[in-house]
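An overview of the molecular structure
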Amino acid sequence: MNDDIEPRVRELLAERARVAPETVERVARSIERLPDRRVRARTTIPLAAVAAVLIVAVVGIAVATLVRRPADVVAPASPLASATDSPTMTASPTVAAASPTIQPRPVWAMSVADHLDCDGPPSTMGMDVPARPGPFDPGQTPDDALQNILSTYRSLPRTGYTAALVTGDWALHRYLLDGEAKVHIVSTNRFPDVPEETRWEVVGLRACDPSEFALDDLEPGALTDWRDAGGRRLRTDVINSLAGPAHCGWQRTVFLSLGPDRAQYIRDPRHELEDETVMSFDPDVALPDDATDTGFHTDRWHMFTIPSGRAVYMRTADGAYERWPRARQRIGCA
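To start, this report covers the structure provided alongside it. (Residues numbered from 1 in each chain as written. Predicted model: local features only at pLDDT ≥ 70, side-chain atom pairs only at ≥ 80, totals over all residues. Heavy atoms only, no water.)

Section: the overall build of the protein
Per the secondary structure count, the protein includes five helices and twelve strands. Put simply, the protein has 334 residues, and 40% of those count as buried. Long-range contacts, defined as pairs at least 24 residues apart, comprise 59% of the intrachain contacts of the protein with a sequence gap of at least 6. Of the accessible surface of the protein, which amounts to about 17900 Å², a share of 52% is contributed by carbon and sulfur atoms. (Helix = DSSP H or I, 4+ residues; strand = E, 2+ residues; numbered from the N terminus. Buried < 20%, exposed > 50% of the residue type's maximum accessible area, 1.4 Å probe, protein only. Contact = heavy atoms within 4.5 Å. Areas by Shrake-Rupley, 256 points an atom, 1.4 Å probe, with all protein chains shown as cover.)

Here it is, written out as structure tokens:
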């Protein structure tokens, strides 16, 4: 090799040895043999060109090594609108086999709440897609996985979801209202160790506040329709009331959460939880003089508060007033 080229090649090889030592070693051995090749085969290719090729090869390998990513690193994908409109996306398969390799997730499987069109802050229910999701309650198809998760989140709509859109190991369901996404649900089929017939699992779910869902799409009794004095629907983090769970025998009890501190008030006509409240429930009382009309109402109740916060008062449809006492601490049923 020419004297002015060989030192530079060796210098470059030394620089790249930190990145690809095995490859550099092979190239170095080739360099040692270059003079012999020049003597035996009087090639018309200049040695400088050969050296240049070697340098490019080493540099290329080094760069490739530097930029290579682990298989499970998320790669950018096309925007959500493009993904959902893309003709390459297919309807949910009857049965889809899990991929033995981990495919990069689509952009609509990242930062799930960012794909919502909420009127206010998203609900706190649900979760983002974890870095390494695992099977929990899988289904045979993306639609089966959707139904499984809906049984867990009672306040989510039961109907109104788009057909599953599938790309690789990932599937998307959305609940749209007037063309706006109010629920965004991501499932995946990334579980080769799970039996073929049950592999799809919801791993990402974010939703707007339930007050933004159409009442007709909800399970009956899953959400009480509270409105303000102007008739506007109120967010569930402002006021929310639900009947108690039947498996605890509390189906005739109403649990109401109010305000940012989520104070809990109880309509307890059977006095089953009287020991858990600061006073008793009374179905027929006089409205206190210091009561304030909140304007909050349903088709059954109109709410008044008092300064002490020990109870709220509800005017019923027949004009009577009920006293709902505050719980000493939040009451739940396992």
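Details of the state of the cysteines
Applying the stated criterion across every chain yields a total of two disulfides. Across the disulfide from Cys248 sits Cys333; the S-S distance is 1.4 Å. The sign of the S-S torsion, about 65°, decides the handedness of the disulfide formed by Cys248 and Cys333: right-handed. Taken as a pair, Cys248 in the loop between β6 (239-243) and β7 (254-258) and Cys333 in the segment after β12 (321-325) lie far apart in primary sequence, 85 residues in all. If the cysteines joined by disulfides in the protein are listed in sequence order, their pairing comes out as 1-2, 3-4. (Disulfide = S-S within 2.5 Å.)

Section: the side chain of Gln264
Structurally, Gln264 can be placed in strand β8 (residues 263-267). Look at Gln264 and you get buried, because its relative accessible area is 6%. At 2.7 Å, the side chain of Gln264 and the backbone nitrogen of Ile331 are in polar contact. Not counting chain neighbours up to four residues away, the residues in contact with Gln264 comprise Phe255, Leu256, Pro325, Arg326, Ala327, Gln329, Arg330 and Ile331. (Polar contact = N/O pair within 3.5 Å; in protein donor to acceptor, adjacent residues only side chain to side chain.)

Concerning the packing of aromatic side chains
Tallied over the entire structure, the rule returns six aromatic pairs. Note on Trp301 and Trp324: the rings are 4.9 Å apart at their centroids and 80° apart in plane angle, and the pair reads as edge-to-face. Within this pair, whereas Trp301 is found in strand β10 (residues 301-305), its partner Trp324 is found in strand β12, the two being separated by 23 residues in sequence. Residues Trp301 and Trp324 agree in their burial class; the two are buried. Considering the side-chain rings of Phe304 and Tyr321, the 5.8 Å spacing of their centres and the 70° angle between planes classify their relative orientation as edge-to-face. Pair noted here: Phe304 is in strand β10 and Tyr321 is in strand β12, with a separation of 17 residues, a long-range link. Residue class for Phe304 comes out buried when judged on its relative accessible area of 6%. (Phe/Tyr/Trp six-rings, centres within 6.5 Å; stacked < 30°, edge-to-face > 60°.)

A short note on the pattern of salt bridges
Considering all chains together, one arrives at 13 salt bridges under this definition. Among the ionic pairs, Arg326 bridges to Asp261, the shortest N-O distance being 3.8 Å. Here the residue Arg326 occupies a position in the segment after β12, and Asp261 occupies one in the loop between β7 and β8, the gap between them amounting to 65 residues. Because the salt bridges share partners, they merge into one network encompassing Asp119, Glu180, Lys182 and Glu212. (Salt bridge = Lys/Arg side-chain N within 4 Å of Asp/Glu carboxyl O.)

Here we look at the sheet that holds β12
Here we have four strands laid out as an open sheet, ordered β9-β10-β11-β12, and antiparallel in their pairing. Both outer strands of the open sheet, β9 (292-297) and β12, are each paired with one neighbouring strand and no more. Ignoring which end each strand starts from, the neighbouring axes of this sheet average 30° apart. Pairing of β9 with β10, which is carried by three bridges, proceeds in the antiparallel orientation. In the sheet register, Asp293 faces β10, and the bridge partner there is Phe304. (Pairing = 2+ DSSP bridges. Axes fitted to C-alpha atoms, helices over the stretch in contact; angles between N-to-C directions.)

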